[in-house]
Structure formats: structure tokens, C-alpha cells
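Take a look at the letters that make up each chain.
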Amino acid sequence: ETGVTQTPRHLVMGMTNKKSLKCEQHLGHNAMYWYKQSAKKPLELMFVYSLEERVENNSVPSRFSPECPNSSHLFLHLHTLQPEDSALYLCASSHVRGAEGEQYFGPGTRLTVT
Amino acid sequence: GQNIDQPTEMTATEGAIVQINCTYQTSGFNGLFWYQQHAGEAPTFLSYNVLDGLEEKGRFSSFLSRSKGYSYLLLKELQMKDSASYLCAVRSTGFQKLVFGTGTRLLVSP
């Protein structure tokens, strides 16, 4: 595997379900991110982990719970979601202090909440 | 507040040149990025500007004017595969936080 991978690619869940999204980066980066992408809206930053510590929580509802067990893996635990949470969830990684520090994105998980 | 503006949609012809503009108002500035995103795929990094001027990478160039809060992405010799959304993003503070525009959907026709 190369780059940033995400599983599952598609997820349909009911409002009472609990599920988790997984992200893995194979680039040797030390910062990881969760973004939400909804139709006709900008990419919204949800969480940032830098050196395995959460450094950003962008006013995200508590029904979204991130976990970063090490610098290569990132999870987003989901519970009691709402239909408006249906979106594409993108994971990204970067060097914390690289010259450019560009973020590399995974293919995303298309989430539908019914 | 943070505000990044891009045109919603543009059309161009194969072989032509197109310029996609981006204006920004952010609380700080630590670099501007352009990403390309094909439908249903991940955004991919195209270019980075932190100083004023033009950065060229093959058929793609990006320009920045910090005093004007303005950038553009220039695509030359357009190909059908360039049909995609182009996202402008500003790193306002620190090294991790990017603020994205809504993206410009470019349609290249034969």
C-alpha cells in the first residue's frame, strides 16, 4: 500500500448505529487530519493530530470521536449520527514542519446516514 | 474571520489556457496551496506559494500577491483530463490548519 488509505470507502448507517472509519498513511508523516466534504461547501477541517496529540478540534459535535494510536493510524468513531452528517470524510497526512507541509489526502469514505 | 473566494465553475476548450482566481481574507498567512480533485477522488496537491510571484510546474503555474490577498492557478495546453475541481487553500497560522475555498469546477470540452 502506498500513500494514504481509508476504509471503508462507502458506509451506510442508521442513526442509532456505531461505526468507525479508519485511515492509514504510509508516507512517514507525523501529522494527520480528518476533513468533512459536503456538496457545495468547502472542505471543513474537523480534527488535527500532530505527533499523536490532538492539536485541533474544530467545534465538532461529540458524536464524532477521533483516535490516533500512532503516527500512521487515525480513526473516527461515529455514534448516534444525524442525516446532515452524510458527507465524504477525508483523511490527510503531512509533515509537521516540512518546507511546504502539503497535505496528502486519502480517497475518502462516503458516509450516508439514514 | 476567514474567507476564501473562487468562481464556482469555468469552461474552456482543449488546448487553451485558463486562469482560476482565488482571493482570500484570513487572520494570518503562512502559505497558499492549490489542489486538484477529480469527481469521487481525493484532492491531490498541485502547488504551493508563500512568497509573492509565480511558481511554474510544467503546464501548471501559480501566482501569489500577499498584499492583494490574491492568487491564481494558470493551466496551459488544456487536456480533457484537466476537467476537475480546483481547490484554493490558505494556511493561516501554524503549520497544520488549512482553510479551503469551495473549489472551482473546470470543464474542458473538445
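Since we're looking at a predicted model, the values are computed, not measured. (Residues numbered from 1 in each chain as written. Chains lettered and ligands numbered in written order. Predicted model: local features only at pLDDT ≥ 70, side-chain atom pairs only at ≥ 80, totals over all residues. Heavy atoms only, no water.)

Asks: Honestly, unusual backbone geometry in this entry has me stumped. Any pointers?
Replies: Across residues other than glycine, the phi torsion is negative in most instances, and most of the peptide bonds are trans. Residue and element names in this part refer to chain A. A cis amide bond, omega -10°, links T7 with the succeeding residue P8. The residue P8 is located in the loop between strand 1 (4–7) and strand 2 (10–13) in this model. Of note in this structure, T80 is not a glycine but carries a positive phi near 45°. Secondary-structure assignment places T80 in the loop between strand 8 (73–79) and strand 9 (87–94). (Helix = DSSP H or I, 4+ residues; strand = E, 2+ residues; numbered from the N terminus.)

Asks: Just checking my understanding: could you explain the pattern of salt bridges for this structure?
Replies: All names here are of chain B. Taken as a whole, this structure holds five salt bridges over all chains when the rule is applied. The partner of D52 in a salt bridge is R66, and the shortest N-O contact between them spans 3.1 Å. Residue D52 is found in the loop between strand 5 (44–49) and strand 6 (53–57), and its partner R66 is found in the loop between strand 7 (60–65) and strand 8 (70–75); the two are separated by 14 residues along the sequence. Judged by its relative accessible area of 43%, D52 is partly exposed. For the salt bridge of E56 with K76, the shortest nitrogen-to-oxygen distance reads 3.7 Å. With a gap of 20 residues between them, E56 in strand 6 and K76 in the loop between strand 8 and strand 9 (84–91) connect regions that are remote in the sequence. (Salt bridge = Lys/Arg side-chain N within 4 Å of Asp/Glu carboxyl O. Buried < 20%, exposed > 50% of the residue type's maximum accessible area, 1.4 Å probe, protein only.)

Asks: Could you clarify how one ought to interpret the layout of surface pockets in this entry?
Replies: If you roll a probe as big as a water molecule over the atoms, it shows you where there is empty space left. Each pocket or cavity is described by its volume, and for the largest pocket that value is around 700 Å³. If you go around the largest pocket, you meet 24 residues; those closest to its centre are A:Q37, A:K40, B:S85, B:T102 and B:R105. Of all the secondary structure elements, the ones that give two or more residues to the lining of the largest pocket are strand 9 and strand 11 (104–109) of chain B. Looking at the lining of the largest pocket, the element that brings in the most residues is strand 11 of chain B, giving four residues. Counted by class, the lining of the largest pocket contains seven nonpolar, eleven polar and six charged residues. Roughly 190 Å³ of internal volume is contained in the second largest pocket. Around the second largest pocket, the lining residues are A:K36, A:K41, A:E44, A:L45, A:M46, A:N58, A:S59, A:V60, A:P61, A:F64 and A:D85. No other element matches the three residues that strand 5 (residues 44–50) of chain A contributes to the lining of the second largest pocket. The class makeup of the residues in the lining of the second largest pocket is five nonpolar, two polar and four charged. (1 Å grid on protein atoms, 1.4 Å probe; cavity = no way out; pocket = protein on both sides within 12 Å on 5 of 7 lines; lining within 4 Å. Points joined across faces, edges and corners; volume = space filled by probe spheres on them. Nonpolar A, V, L, I, M, F, W, Y, C, P; charged D, E, K, R; others polar.)

Asks: For this particular structure, what's the right way to read the state of the cysteines?
Replies: When the sulfur atoms of two cysteines share a covalent bond, that bond is a disulfide. Residues and elements named next belong to chain A. What the rule picks out here adds up to two disulfides over all chains. A sulfur-sulfur separation of 1.9 Å characterises the disulfide bridge that pairs C23 with C91. Taking the torsion about the S-S bond as the criterion, the C23 to C91 disulfide, at about -70°, is left-handed. Pair noted here: C23 is in strand 3 (residues 18–25) and C91 is in strand 9, with a separation of 68 residues, a long-range link. Here C23 falls in the buried class, since its relative accessible area comes to 0%. You can see C68 has no disulfide; the closest cysteine sulfur is in C91, sitting 9.1 Å from it. (Disulfide = S-S within 2.5 Å.)

Asks: Please clarify how the sheet that holds strand 3 (residues 18–25) of chain B should be interpreted in this entry.
Replies: The pairing of strands in a sheet happens through backbone hydrogen bonds and is either parallel or antiparallel. All names here are of chain B. One open sheet holds the five strands; their spatial order is 1-3-8-7-6, and the pairing between them is antiparallel. Sheet topology places strand 1 (3–5) and strand 6 at the edges, where each strand pairs with a single neighbour. Within the sheet, the average angular offset between the axes of one strand and its neighbour, ignoring direction, is 15°. (Pairing = 2+ DSSP bridges. Axes fitted to C-alpha atoms, helices over the stretch in contact; angles between N-to-C directions.)

Asks: Could you clarify how one ought to interpret the packing of aromatic side chains in this entry?
Replies: Describing an aromatic ring pair means giving the distance of the ring centres and the angle of the ring planes. Taken as a whole, this structure holds 15 aromatic pairs over all chains when the rule is applied. Aromatic pair A:F105 and B:Y35: ring centres 5.5 Å apart, planes at 90°, arrangement edge-to-face. With A:F105 in strand 10 (residues 104–105) and B:Y35 in strand 4 (residues 32–37), the pair connects residues from two separate chains. In terms of burial, A:F105 and B:Y35 fall into one category: buried. With a centroid separation of 6.3 Å and an interplanar angle of 75°, the aromatic rings of A:F105 and B:F100 are classed as edge-to-face. Of this pair, A:F105 sits in strand 10 while B:F100 sits in strand 10 (residues 98–100), placing the two residues on different chains. Note on A:F105: relative accessible area 8%, which makes it buried. Taking relative accessible area as the criterion, B:F100 reaches 4% and is therefore assigned buried. Among the aromatic side chains, those forming a connected cluster through ring pairs are A:Y33, A:Y35, A:F105, B:F33, B:Y35, B:F45, B:Y48 and B:F100. (Phe/Tyr/Trp six-rings, centres within 6.5 Å; stacked < 30°, edge-to-face > 60°.)

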